[in-house]
Every structure is written in C-alpha cells, then in structure tokens.
Amino acid sequence: MNSFKIYINNKEVVANEGERILDIARRENIHIPSLCHHSDLEPHESCRLCMVEVEGDKILRASCALLAKPEMKIHTDTPATRKALKINLELLFSQHEGSCEHCSRVEKCKLQEYSEKHAASGKYHINRKLKLSKFQFGPSIFLDQSKCINCQNCSDMCAKQTKGGFIILKQHGETFEMFPSEEKDRDCIYCGQCIMHCPVNALSEIESYKKVKKLLQDYKKKVVFQFAPSVRTSFGEEFGMPLGTNVTDRIFTALKKVGAYRVFDTSFAADVTIIEEAKELLEKIEKGDNTTMISSCCPAWVKYAEFYEPELLKNLTTVRSPQIILGGLIKTYWAEKENLNPKDIVSVSIMPCTAKKFEIEREELFINGKKTIDYVLTVREMAKLLKEFDVHLDKIEPDESDKEILANPSGAGEIFGAGGGVLEAALRTVYQKLTGQELQNLEFKPLHEFKRTKMAKVTIGGKTMKVVAVSGMENAKKILEEVKTDPTKYAYVEVMACPGGCIGGGGQPIPIDDEIRKARAAGLYSTDEKRKVRTSHGNPGIDIIYKEFLNDEKNCHKVCHTTYEKRKKGKVKKI
C-alpha cells in the first residue's frame, strides 16, 4: 500500500492510498463533525456535516467520501465550513422530531451536541416529518419516522443482514422516508443492527425495563435475573468504565441492590449447550453423517434461516440457546429445589440482543405451555434501570461471594459472547469426548483473530474436520451458499448474525465499531485464561445438574432441545 503526505489544517500527516479524509482525520484526532459516517458502511454523504475545504477546489467536499491524494491541503474549520455546518444542522432538525429531553439517546446524541455547540436549530425551517407514522417490528424494534434524518444507515445495514433489505427508502408524498418493506419475501430478523447504526434514535428497542422496575418494587414478586456472556465486558461502558472491563461481580452486586431475588449467569447454560451440541455432533460422526452441523444459539440467525433459508433448517443443531436453557432450568430444576411455584417466579434476562425479545415469544420454546423467560432487557435498558434506582456500576464494590450452581460457568461458557467462542468451546469438549483426553492447549488461535470469517482445520482422534465461525449475515450468506453447494464441506459452522458476534449485538452500548468489538472480545478471552475450569465438561456444576435433573431424557429434551419450521413474514404494527 502506497503512503504519501497530505496536510490537514496545515498539519502534515501520512495518508495511505485508498483512505478517505474523514478516516485520516479521526486517526490523527482531528475533529470533523459527522452523523451518517460509520466504519461498517460505505460513505453516502447524506448528513453533509463533514464538509471541508480543499485548496484549489471551488466547492466544499464531504470528507467521508473524499479520497486522499498526495500533497492535498485540507481545511476543516473555515468560515465556509462553519456556515455549511450550521445550515445542514438546521436542515437536519427540520426533519427530526426534536423532543431531546425525552429521548433515551440524549446523553450520547451527536446531533444535539453539534446543534448546541454551533447554535443551530430547526426553527428556521418547516418540520417536514410532523405526525409521521411509527412502526413496531414484532416484539423487538421500534421505528419513529419523526426522528429519522434519512441518512439511510439503517437500510444499508439491513440490506447486509437480510436479503434485499427489510427497511427501505420510500417516497411518501413530497418526502422520502424509511419504511418497513411490504414485500412478502422480505422480513426483519430482529438483529437490531439498524439501531446500532442509527445516529439519532429513530430506531430503538421495544423497552421492558419500566415493567421490570415495577415488579422489583413489589415485595411479593420473586424477580430473578440472568445475564449473557458478552454482557460482562460491555456493561461497564454505560457507566464510563474502560472498554473490555469485566464487571461480572459488580453485576451481581448491582442486581441485589435493586431487589433481585436471585442472580444467575447465562454462561452456565452455555456450558449445558456445549454438552448437548457435542453429543449431537458425536452422534453424527459415529453414524458416518458428514453433513454440516450449524449452530442455533443466535435467534436472529435462526429467524433468518426459518424465513430466508428453510432448506438449511435440517442442518441446525436442535439445542436451544443458553438463555432459553437457563430459563427452563430456573422454572423447573431450581424452582423445585427452592420449593417455589414457577408461577411465582419472574424471570428476566439481560441480553446483548434485541432478537432475544422475539425468541422468548416462540411457543416451541415454552415449557408446559408457559414462557421460560418473562422479560428481556438489553444492556442499554439495564443501565437505565440501575440509574433510576441510583445504582452506578462504577461506584459499587463487587460482590465476590460464592454463587450457586447456575451462576458458576466455565471459561468456555464465557467466551460464547465473542464470534468463534461457541465453536472453540465445542471443540474443547468434542476433543475430550472423542479421545478421552484433555486438550493440552485449549486455545484455538485462528478463532481468536478478529475476523468476520474464521476457518480452521482440526484433527481429533485421527479425524480431520474443517470448521468455520462467521459473524454478520453479509458474511454468513457466503458460507451458507457453500454449504448448500457442498453439504459436507464443513463439519461445524458457527453463525452469529451480528458483526463480531454477541459483543456487537443489537442491544449493546452505542456507539459500536471494530475497536470496541475487539476490546470486548479481548476481555472475554482474558477472563477465560484466568479461569481454573476452562471446559464445559470440566465444570463441576454440570456434573451435578446432569446427575440430579438432565440425566432424565424427558427433562433434557424439554429444557434443552427444540424444532424449527419455515416461518411466515412477521407482523409490523403501525402506531
């Protein structure tokens, strides 16, 4: 890659061939305002806040799309750029609802920050979006058109995550707006990546935290919580803590402070998932069935498969996700041990994922006709809940007291939150089951690399298997096509709908980019390295749960396994 000199505000900086000015400026800590630019997406110059002057050029240029050239001289803060910035901010506000004090993104809103700094408002222009419709996508996602600034980040990301895109730009009278597609072959998979890439909170999750708060204030209710593997290294961001900080013990403390009856760790159920998936994979191997087995932990991926790729449902493992398995164990095994009626338990999970809100509504995952999880809160919702109780994660002392079985995972269960973590955890156990020996080196380094697609060849007991972990549906589509062409190409495929896996899920703290994803993943791998028990089969709690409950085939099937079927287009509610 060729490098050369350019000048930004008279400062000499090094640029690489193919780099754009905004990216270079950010790398050099030179501030240029921007709303629509995101490192996951191609630039489309929609917000027009990043305009710069180029010496020798008669017009302003959008720095997000402007390619660097040798000796180029850029100026970011001139009378012309300041005037353009203010005008463009006011135009954006003319298509933005603007009740900032009531917005859940108010503490992190760049539009508000820029507008206050540059004394810009929408009062000089007619509000073009007043009284526009709002839409609810299933139980997971809310689209408020009155806040939308037509940056198209959501539709661009949605096109990557689905086939053709479910959120589309559509003409509505004299304006263009973002709408849910009415096409029968396009549907939402509830991944929430539209939320993660929306700069103005026009897209958000369907919130449940106020209902949970009310239940916590009712002393008659036994509200129990579980939290997902990836949450432990992302939750701290909502309280200003360094990226990748493991806050596991603080989570236990915080939840007890707000009135949780008991707190569990979803990573324990991830260990159960691995035991059951290993059984399934070993049975395939013993039968001589070489067709690809595909993971089923991610509900957005499962929804994608059921709607867009039903021919691949036969390849999915029948094992339920860790959230659902733990919910089932809480309302069966644990309830019986505690002599509690399952009807008296309110089960709440803290997830990195908006698709989990959809997952708990799937009737095939009910036990005895009842939901195993009553409410799903995203990481963002849980942060709001704690703050409303005046509990701040960064200011409390972590609780390191002993925890019961369902709160004690292995390191393998905890790395589930990083893309490739499910596959690595499975390989550790499959190796032991096939050879009768423990792996000397538990880490599969190719799976630790920060890539969207990670391939590896592993030899276990004389058998070589090709495996792959893929995150982000744009990348998964390519692997799925390979599986359809050659059903025996891979022994196992891990699919996570969100880029980077659960660490980049649609319910995680905002903003998101690869540096943030890397830090969260590194925190999980570091946690695993420090664990005394690093394999799912080596977790003493697993031995107990199987001895006391899951050794019964009926119990195991109803708590740990499920079925899939071709799914019709989901409901969209117009509000």
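Data block above holds the structure.
A brief report on the enclosed structure follows. (Residues numbered from 1 in each chain as written. Predicted model: local features only at pLDDT ≥ 70, side-chain atom pairs only at ≥ 80, totals over all residues. Heavy atoms only, no water.)

## Concerning empty space enclosed by the protein
Left-over empty space is what a probe sized like a water molecule reveals as it rolls over the atoms.
Phase 1 of the analysis: For the structure shown, the criterion picks out 6 cavities of 30 Å³ or more.
Phase 2 of the analysis: When its volume is computed, the largest cavity comes out at roughly 250 Å³.
Phase 3 of the analysis: Looking at the largest cavity, it is lined by 23 residues, and the ones nearest its centre are C297, P352, K356, M496 and C502.
Phase 4 of the analysis: Those elements that provide at least two residues to the lining of the largest cavity are α9 (299–308) and α10 (322–337).
Phase 5 of the analysis: Its residues assigned to classes, the lining of the largest cavity shows 16 nonpolar, 6 polar and 1 charged.
Phase 6 of the analysis: If you add up the space inside the second largest cavity, you get close to 110 Å³.
Phase 7 of the analysis: Contributing to the lining of the second largest cavity are 13 residues, with V302, E359, R362, L365 and Y564 lying nearest its centre.
Phase 8 of the analysis: Along the lines of polarity and charge, the residues of the lining of the second largest cavity split into 5 nonpolar, 4 polar and 4 charged. (1 Å grid on protein atoms, 1.4 Å probe; cavity = no way out; pocket = protein on both sides within 12 Å on 5 of 7 lines; lining within 4 Å. Points joined across faces, edges and corners; volume = space filled by probe spheres on them. Helix = DSSP H or I, 4+ residues; strand = E, 2+ residues; numbered from the N terminus. Nonpolar A, V, L, I, M, F, W, Y, C, P; charged D, E, K, R; others polar.)

## Points about the pairing of strand β3 (residues 51–54)
Phase 1 of the analysis: As paired strands, β3 and strand β4 (residues 61–62) are joined by 2 bridges and run antiparallel to one another. Opposite M51, over in β4, you have A62 as the bridge partner.
Phase 2 of the analysis: Between the antiparallel neighbours β3 and β4 lie 6 residues, among them G56 with a positive phi of about 95 degrees. (Pairing = 2+ DSSP bridges.)

## Considering the pairing of strand β12 (residues 262–265)
Phase 1 of the analysis: Here 4 bridges tie strand β11 (residues 222–227) to β12, and the two strands are oriented parallel to one another. Paired with Q226 across the strands is F264, a residue of β12.
Phase 2 of the analysis: In this fold, β11 hands off to helix α7 (residues 248–257), which returns the chain to β12; that crossover is right-handed. (Right-handed = clockwise from strand over helix to strand, strands pointing away.)

## Re the layout of surface pockets
Phase 1 of the analysis: Estimates place the volume of the largest pocket at around 1,000 Å³.
Phase 2 of the analysis: R26, H37, H38, P511 and D513 are the residues nearest the centre of the largest pocket, which is lined by 32 residues in total.
Phase 3 of the analysis: Every element with two or more residues in the lining of the largest pocket is listed here: α1 (21–27), α3 (110–117), α4 (153–161) and α17 (514–530).
Phase 4 of the analysis: Taken together, the residues of the lining of the largest pocket break down into 14 nonpolar, 7 polar and 11 charged.

## Digging into the nonpolar core
Phase 1 of the analysis: Residues F137, I167, L203, W301, M473 and V493 are the most contacted members of the largest nonpolar core, which totals 95 residues.
Phase 2 of the analysis: Excluding residues that lie within four positions of it along the chain, W301 makes contacts with I294, S295, L316, M473, L480, V495 and A497.
Phase 3 of the analysis: Counting residues in hydrophobic clusters, the runner-up holds 39 residues, among them F227, V231, M241 and V258. (Core = buried A, V, L, I, M, F, W, Y, C linked by side-chain atoms within 4.5 Å. Buried < 20%, exposed > 50% of the residue type's maximum accessible area, 1.4 Å probe, protein only. Contact = heavy atoms within 4.5 Å.)

## Notes on unusual backbone geometry
Phase 1 of the analysis: Geometrically, the link from I510 to P511 is a cis peptide bond, its omega value of 15 degrees lying close to zero.
Phase 2 of the analysis: Tracing the sequence through the fold places P511 in the loop between β18 (492–496) and α17.
Phase 3 of the analysis: The backbone of N9 sits at a positive phi, close to 55 degrees, despite the residue not being glycine.
Phase 4 of the analysis: Relative to the elements of secondary structure, N9 occurs in the loop between β1 (3–8) and β2 (11–16).
Phase 5 of the analysis: Despite not being glycine, N29 has its phi angle at roughly 60 degrees, a positive value.
Phase 6 of the analysis: Of note, N29 is situated in the loop between α1 and β3.

## With respect to the sheet that holds strand β6 (residues 134–137)
Across a sheet, paired strands are connected by hydrogen bonds in the backbone, their directions being either parallel or antiparallel.
Phase 1 of the analysis: One open sheet holds the 4 strands; their spatial order is β10-β7-β6-β19, and the pairing between them is antiparallel. The outermost strands of the open sheet, each flanked by one partner alone, are β10 (203–205) and β19 (572–574). Direction aside, neighbouring strands of the sheet carry axes that sit 20 degrees apart on average.
Phase 2 of the analysis: Here 3 bridges tie strand β7 (residues 141–144) to β10, and the two strands are oriented antiparallel to one another. Among the inter-strand pairings, F142 is bridged to a residue of β10, identified as S204. (Axes fitted to C-alpha atoms, helices over the stretch in contact; angles between N-to-C directions.)

## Notes on the sheet that holds strand β5 (residues 73–75)
Phase 1 of the analysis: A sheet is described by the order of its strands in space; here 5 strands give the open sequence β2-β1-β5-β3-β4, paired in mixed fashion. The open sheet terminates on both sides in strands that have one partner only, identified here as β2 and β4.
Phase 2 of the analysis: Pairing between β1 and β5: 2 bridges, direction parallel. Paired with I8 across the bridge in β5 is I74.
Phase 3 of the analysis: Set on the sheet, helix α2 (residues 79–93) makes contact with β3 and β5; between it and β3 the angle comes to about 160 degrees.

## Description of the pattern of salt bridges
Phase 1 of the analysis: Considering all chains together, one arrives at 48 salt bridges under this definition.
Phase 2 of the analysis: Its salt-bridge partner being K445, residue E443 comes within 2.8 Å of it at the nearest N-O pair.
Phase 3 of the analysis: Taken together, the shared-partner salt bridges in this structure form one network comprising E424, R428, E443, K445, D528 and R534. (Salt bridge = Lys/Arg side-chain N within 4 Å of Asp/Glu carboxyl O.)

## A word on the packing of aromatic side chains
Phase 1 of the analysis: Throughout the structure, instances matching the rule amount to 11 aromatic pairs.
Phase 2 of the analysis: Measuring from centroid to centroid gives 5.4 Å for F227 and F252, while their planes differ by 85 degrees, and the two rings are edge-to-face. Residue F227 is located in strand β11, and its partner F252 is located in helix α7; the two are separated by 25 residues in the primary sequence.
Phase 3 of the analysis: For the ring pair F235 and F239, a centre distance of 5.8 Å and an interplane angle of 75 degrees mean the geometry is edge-to-face. (Phe/Tyr/Trp six-rings, centres within 6.5 Å; stacked < 30°, edge-to-face > 60°.)

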